[in-house]
Amino acid sequence: NGWFAKPMLVSRVASGSDPGNDMLLSCKTLLRRVLTFMLTPGDLEAIAGAAIYTVSITGGILPDSDQVNAKMQQVRDAGQEKLAPGAVARVYLLRLLEELVVDGVNEIVTDDAKGPDPEGQTEPSVEPHSGGGASSGSLSQKSRPGSRSSQQSARGESTQHPKHQEAQIFLSAFAGILTPVWFACILEGCREEASASAVLRLMILMIQNSRKFAMSFEEAGGFAPLVLSIPKFSTCPSIILSMLSHLLHAPILHLPCFATLDTKQLCDVFDAESDAAELIMEAQRSRRAHSDPSCGIFALLAECLGRNIQLASFDNEMGRKARKTNEAVLQLLSHRHAFSPPFQQFCRTPDFLEPLAQALCLVHDERLQKMQSVAFSERNGGEDSGEANNLRDSGRSGGEYSVTSGTNSKDSTDEDFVEWPSDDGKRGSGFVRRGSLKVALHSETPTERFVGKADEDEGSGIGMVQLLHLVLSHAVLQGPLAAPLVSALFRSFPIHASPDQVEAFHLVLIEHCRSVVEDTLQRGEPIAIANCIGMSSVLLDRLMAGFFTSEPVLEAVNIVMLTLNSLTSSGTYASRTLTNVDQNLLVADTAHIARLTCLTAIQRSRPMGAYDEGDDDLKLAVLSKIGEFMRQLLLVPSNLLGGQGTMRKQGGYPTPAPNSRFFPLWQSASLSRCCPPSVVCTYPDLTIVEEPDRAFVVSLMADIHSMLLDDRRDIREQAVVVVVSLLQRRRGIMSELLITDIPRGDHRMETVDLMNRGGFGALLVAHEATTIAENANSGNQSVPPKANLKYVSFFEWLERNQEQVAAVFH
């Protein structure tokens with residue numbers, strides 16, 4: 001009976017199967033035969049209007065109730081949802097439109113190729129369109145300029161297809177009726193993935209073939225209006241495949257339909273079909289200047305990946321499907337990044353970086369929610385107390401506030417508030433700075449803390465982090481000017497991100513920056529080593545902008561010190577790879593960036609307000625690094641390039657000429673030399689600094705004074721070590737600082753000499769004597785250590801002469 005039909009599963013229709021209604025299939029085939037030879041705008045408007053009308057068809061849908069909705073959700077999760085009557089009609093109408101587009105263009109481009117047939121021409125056979133790959137007479141195989149066959153034939157031809165303009169006129173008629181608003185309305189009304197995948201497939205087909213539609217689509221906001229409709233079907237293979245087709249520039253009619261996404265199948269298909277030259281050129285022509293990254297295809301794909309991250313936390317069929325979808329997509333993108341130059345170039349743009357950063361922030365949100373749920377179950381007597389403690393400590397190490405009660409009241413509502421600081425107590429009495437090293441968990445990496453471990457069955461965040469690592473590594477190792485990309489990554493977090501999200505994203509990014517730097521210093525070319533220095537300049541820029549808490553501050557210091565030590569040590573790969581001139585050029589920039597990084601880190605360790613106790617652990621760690629690498633920090637060559645191809649600018653150091661081989665190295669070694677006009681760097685470049693070593697010593701000594709009076713003995717002693725190192729290496733500058741004229745009353749000046757007649761001169765002698773004694777007694781176990789008495793005489797002198805010392809330093 002033709003009036004009755006058994007509904008098909010939505011998942012089967014979405015993967016290309018026919019909905020199974022013989023009557024509607026016959027109607028579609030009849031319309032295809034007729035309209036292929038005589039198609040008017042009125043016919044198109046009628047089909048488009050009918051497709052819109054099907055959105056309002058609700059026949060066959062069960063009445064709305066909580067029990068029915070719960071049952072339907074279980075059916076959807078199990079993949080057993082049946083196609084409703086309105087959706088069946090909509091799928092047939094959308095596939096009819098796709099067939100009319102393909103058949104009409106094929107009829108145009110093959111019309112001149114048909115030779116005269118004396119026997120008469122038979123009526124062409126029309127095969128039902130399955131909604132999957134293109135048939136043998138499709139648009140993409142015969143006439144598509146971007147297809148593989150046409151690419152091979154077009155190598156010797158620079159002109160387009162003779163019928164290209166006529167085909168564009170034909171497609172313009174479709175673009176005038178199937179507008180971006182029409183597609184958005186259809187997608188908004190779709191409640192199942194079968195018709196949604198058909199709409200998206202038709203839209204991608206129009207974007208790839210009609211320049212008029214592609215331009216109007218960009219002007220209408222691109223993919224941004226679809227952000228509320230497409231991610232609802234984030235686990236649908238055909239929808240994901242359509243988005244990947246546009247992202248990777250693969251003709252959509254060349255791609256088969258898959259019931260499930262398999263990594264190997266995706267890689268094989270896109271290796272054969274992606275990077276179509278015509279699609280890349282058309283995308284560049286239709287793209288608007290200064291477009292918003294949220295309007296791009298990757299932003300929509302990232303929204304789908306983000307929704308799958310949320311679904312992956314559920315232990316059901318939908319969660320497993322979400323994990324497999326994300327795993328397949330991310331592995332495909334990583335694979336294409338390794339072999340596709342156009343995709344590598346795309347990964348350097350904000351259209352890729354900002355959506356990726358937003359997705360990583362969402363990964364952290366999911367991780368944080370798990371931490372909070374486990375901690376809540378622990379407070380209620382949950383069984384997983386050990387895991388709760390680990391996750392709670394992991395969260396605190398990243399800087400999240402822990403909600404604790406200030407009293408011992410049994411009222412549970414007291415735990416929802418934090419006691420406000422009071423002026424009655426001393427500063428630092430229980431209020432630890434957010435993100436201080438005191439609460440940092442060093443047993444786990446930032447990726448393990450905020451995203452997850454590689455062996456965990458999450459299937460989402462780790463793949464994104466690996467893709468991020470590939471982008472960083474390629475930018476540093478494969479060419480100059482990696483600093484702007486790294487800077488763009490640090491600025492790519494969403495504007496609505498919380499401080500915890502930004503901190504987690506920055507920590508993960510810094511972790512992989514360090515990994516790339518370590519790898520580059522072991523095997524990179526000179527330009528890659530220069531990129532590592534440029535990466536440290538990006539960290540300095542963000543540090544001075546105030547975005548880092550204590551842990552990323554210390555990591556920035558460690559990375560730049562690692563680079564500086566590798567360039568200045570005689571036995572390292574980097575020092576062997578660089579020539580003398582290259583090494584002098586890069587060492588000068590690295591030392592300058594390291595000096596500024598250390599000075600800024602010390603400033604960030606100091607208290608910033610009435611209720612901020614500072615971070616003494618950070619202060620001690622930075623002081624230790626300065627004392628350990630003081631020799632390298634004070635390396636300032638007098639002539640960077642040995643007089644070869646230099647240009648003198650304002651400041652103390654020459655810059656290489658633009659046509660010299662040193663210029664790419666010099667430009668890549670600092671963000672301030674290669675950043676886009678929209679970015680303003682927060683640090684001074686080496687070329688405009690007069691006597692950078694003197695500036696460093698003066699600034700450092702200004703901070704050292706307060707550290708010599710610190711409450712912690714280890715900080716005081718480490719400050720003395722830094723002072724001694726400065727006295728040994730820059731005695732002239734130190735003498736100028738410690739011998740000065742102090743204004744007194746009655747307009748007279750008094751000379752205060754802390755160097756020759758003060759404790760600083762005696763400190764150097766005492767330090768050398770103590771060092772000799774310690775070395776002599778190092779093998780004698782019976783002599784007790786006298787670390788506590790090492791600088792007693794200096795501190796006694798300092799306490800007696802605080803007024804004079806303060807006058808000199810201030």
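Residues numbered from 1 in each chain as written. Predicted model: local features only at pLDDT ≥ 70, side-chain atom pairs only at ≥ 80, totals over all residues. Heavy atoms only, no water.

Undergrad: I keep staring at the overall build of the protein and nothing clicks. Help me out?
TA: Secondary structure summary: the protein contains 37 helices and four strands in total. Classification of the 810 residues of the protein by burial places 50% in the buried group. Taking the contacts inside the protein whose residues are at least 6 apart along the sequence as the reference set, 75% of them involve residues at least 24 apart. Surface accessibility of the protein: about 38000 Å² in total, with carbon and sulfur atoms responsible for 52%. (Helix = DSSP H or I, 4+ residues; strand = E, 2+ residues; numbered from the N terminus. Buried < 20%, exposed > 50% of the residue type's maximum accessible area, 1.4 Å probe, protein only. Contact = heavy atoms within 4.5 Å. Areas by Shrake-Rupley, 256 points an atom, 1.4 Å probe, with all protein chains shown as cover.)

Undergrad: Honestly, helix H32 (residues 692–708) in this entry has me stumped. Any pointers?
TA: Think of an α-helix as 3.6 residues a turn; residues three or four steps apart then line up on the same face. Here H32 contains 17 residues, and its C-alpha end-to-end distance of 24 Å stays within 8% of the 24 Å for a straight helix at 1.5 Å per residue. The principal kink in H32, of about 25 degrees, is found at Ala702. Listed in full, the buried residues belonging to H32 are Pro692, Asp693, Phe696, Val697, Leu700, Met701, Asp703, Ile704, His705, Met707 and Leu708. (Expected span 1.5 Å × (residues − 1). Bend = angle between axes of the 7 residues up to and from the residue.)

Undergrad: Would you take a moment to explain the confidence of the model for the protein for this structure?
TA: Interpretation of this model should avoid reading the predicted coordinates in detail wherever pLDDT is low. In the predicted model, the protein carries a mean pLDDT of 81, and the fraction of residues at 70 or more is 78%. Across residues 117–138 the pLDDT falls below 50, and counting only partners more than four positions away or on other chains, this stretch makes 38 contacts in the model. Segment residues 140–158 is flagged for pLDDT under 50; beyond a separation of four residues in sequence, or across chains, it makes 38 contacts in the model. (pLDDT = per-residue confidence, 0-100.)

Undergrad: Explanation requested: the packing of aromatic side chains in the structure shown.
TA: For any pair of aromatic rings, geometry is given as the distance between the ring centres together with the angle between the planes. A full pass over the atoms with the stated rule returns 18 aromatic pairs. Ring geometry for Phe760 against Phe809: centres 6.3 Å apart, planes inclined by 45 degrees, an arrangement best described as tilted. Pair noted here: Phe760 is in helix H35 (residues 759–776) and Phe809 is in helix H37 (residues 802–809), with a separation of 49 residues, a long-range link. Per residue, the accessibility class of Phe760 equals that of Phe809, and both read buried. These aromatic residues form a ring-pair network of at least three members: Trp182, Phe183, Phe213, Phe217 and Phe223. Here the guanidinium or amino end of Arg716 rests over the ring plane of Phe795, the centre of that ring lying 5.5 Å away. (Phe/Tyr/Trp six-rings, centres within 6.5 Å; stacked < 30°, edge-to-face > 60°. Lys NZ or Arg CZ within 6 Å of the ring centre and 35° of its normal.)

Undergrad: I tried to follow the environment of Leu301 on my own but got confused; where do I start?
TA: In this fold, Leu301 is placed in helix H15 (residues 297–311). You can call Leu301 buried: its relative accessible area is 1%. Between the C-alpha atom of Leu301 and that of Ile240, which follows or precedes it by 61 residues, the distance is 7.6 Å. In this view, Leu301 contacts Ile240, Met243, Leu244, Leu247, Val329 and Leu333; residues no more than four positions away in its chain are not counted.

Undergrad: Would you explain the packing of helix H9 (residues 180–189) against helix H10 (residues 193–209) in this entry?
TA: Describing two packed helices takes the angle between their axes plus the distance from one axis to the other. Interaxial distance between H9 and H10 falls to 9 Å at its minimum, and their mutual angle equals 165 degrees. Taken together, the axes of H9 and H10 are roughly antiparallel relative to one another. Judged by the twist between their axes, the crossing of H9 over H10 is left-handed. Between H9, through Trp182, Phe183, Ile186 and Leu187, and H10, the contact on the second element is made entirely by Ala196, Val199, Leu200, Leu202, Met203 and Met206. Of the residues contributing to the contact of H9 with H10, the split by class is 10 nonpolar, no polar and no charged. (Axes fitted to C-alpha atoms, helices over the stretch in contact; angles between N-to-C directions. Parallel < 35°, antiparallel > 145°, perpendicular 65-115°, else oblique. Left-handed = near helix turned anticlockwise from the far one by under 90°. Nonpolar A, V, L, I, M, F, W, Y, C, P; charged D, E, K, R; others polar.)

Undergrad: How should the nonpolar core be read in this particular structure?
TA: For soluble globular proteins, the rule of thumb is that nonpolar side chains tend to be buried together. By size, the foremost hydrophobic cluster in this structure holds 205 residues, and its most contacted members are Trp182, Met243, Leu333, Leu700 and Ile704. Looking at which element gives the most residues to this core, the answer is helix H5 (residues 85–109), with 13 residues. Beyond its immediate sequence surroundings of up to four residues, Met243 is in contact with Leu200, Ile230, Ile297, Leu300, Leu301 and Cys304. (Core = buried A, V, L, I, M, F, W, Y, C linked by side-chain atoms within 4.5 Å.)

Undergrad: For this particular structure, what's the right way to read the packing of helix H23 (residues 499–523) against helix H24 (residues 526–544)?
TA: At a closest axis distance of 9 Å, the pairing of H23 and H24 adopts a crossing angle of 155 degrees. What the angle tells us is that H23 and H24 run roughly antiparallel. The two elements H23 and H24 meet at a crossing, and its hand is left-handed. Seen from H23, the contacting residues are Ile510, Cys513, Val516, Val517, Thr520 and Leu521; seen from H24, they are Ala528, Ile529, Cys532, Met535 and Leu539.

Undergrad: Looking at this structure, I do not really get the pairing of strand S3 (residues 739–744). What am I missing?
TA: On any regular strand, side chains alternate: one points to one face of the sheet, the next to the other face. As defined by bridge partners, S3 adjoins strand S4 (residues 748–753) across six bridges and the pair is classed as antiparallel. Considered in S4, the bridge of Arg744 is made with Arg748. (Pairing = 2+ DSSP bridges.)

Undergrad: Sorry, what's going on with the pattern of salt bridges here?
TA: As a working rule, side chains carrying opposite charge can pair if their charged atoms are close by. One pass over the full model with this rule turns up 33 salt bridges. Between Arg320 and Glu317 there is a salt bridge, with the nearest N and O atoms lying 3.5 Å from each other. Of this pair, Arg320 and Glu317 both sit in helix H16 (residues 317–339), three residues apart, which is roughly one turn of that helix. The class for Arg320 is partly exposed, based on a relative accessible area of 35%. (Salt bridge = Lys/Arg side-chain N within 4 Å of Asp/Glu carboxyl O.)

Undergrad: Which parts of the structure should I look at to understand the environment of Leu202?
TA: Considering the arrangement of structural elements, one finds Leu202 in helix H10. With 103 residues separating them in the primary sequence, Leu202 and Glu99 have C-alpha atoms 9.6 Å apart. Excluding anything up to four places from it in sequence, Leu202 contacts Leu94, Leu97, Glu98, Leu178, Trp182 and Phe183.

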